[in-house]
Amino acid sequence: DVNPKLLIKGIIESYVELFLEKPYLPNFIISELTRNPERIEELMRESGIAPMQLVKYVQHQMNQGVIVQMDPRELFINVIGLCVFPFAARPLISRIIWDNDQDSYTYFLKSRKKSVFQFIEQIIFKDKM
């Protein structure tokens, strides 16, 4: 059985690393979702992403008392939003909060792997250790 903390940590790390390597990808995906959502759905299927399997796994962990009860889809939307938004909104956020210091903002983005996981961990896991 997969450790749920390691699974969620891995998902977060994968998203952040992908967007660090391809910083324009979030905005491209958002644009394509508006223009052609079927294409993004097809790409997800082709890449092996199976959101409903993850939803079932999280629901099982909730039933086992490992994760607090919630709609598992909320968890994934929250994780994705916490990972994607700082990249998608980089042009604005880096200007208004980081005074357009791109090196500092990139450092912040890299640190998201740890801070997003810690945030999610504190909220969803019953065992805080």
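Residues numbered from 1 in each chain as written. Predicted model: local features only at pLDDT ≥ 70, side-chain atom pairs only at ≥ 80, totals over all residues. Heavy atoms only, no water.

Turning our attention to the packing of helix α1 (residues 4–21) against helix α5 (residues 72–88). Interhelical geometry of α1 versus α5 gives an angle of 25° and a closest axis separation of 10 Å. With respect to each other, α1 and α5 are oriented roughly parallel. Crossing of α1 against α5: the hand is right-handed. Across the interface between the two elements, Ile8, Ile11, Ile12, Tyr15, Val16, Phe19 and Leu20 of α1 pack against Leu75, Phe76, Val79, Ile80, Cys83, Val84 and Phe87 of α5. Along the lines of polarity and charge, the residues of the contact of α1 with α5 split into 14 nonpolar, no polar and no charged. (Axes fitted to C-alpha atoms, helices over the stretch in contact; angles between N-to-C directions. Helix = DSSP H or I, 4+ residues; strand = E, 2+ residues; numbered from the N terminus. Parallel < 35°, antiparallel > 145°, perpendicular 65-115°, else oblique. Left-handed = near helix turned anticlockwise from the far one by under 90°. Contact = heavy atoms within 4.5 Å. Nonpolar A, V, L, I, M, F, W, Y, C, P; charged D, E, K, R; others polar.)

Secondary-structure assignment places Glu32 in helix α2 (residues 25–35). Glu32 has contacts with Pro37, Arg39 and Ile40, leaving out every residue within four places of it along the chain.

Once that is clear, we can look at the nonpolar core. With 26 residues, the main nonpolar core has Ile8, Ile12, Val58, Leu75, Val79, Ile120 and Ile124 as its most contacted residues. Breaking this core down by element, the ones donating at least two residues are α1, α4 (51–63), α5 and α7 (102–124). Take this core: its biggest share by element is seven residues, from α5. (Core = buried A, V, L, I, M, F, W, Y, C linked by side-chain atoms within 4.5 Å. Buried < 20%, exposed > 50% of the residue type's maximum accessible area, 1.4 Å probe, protein only.)

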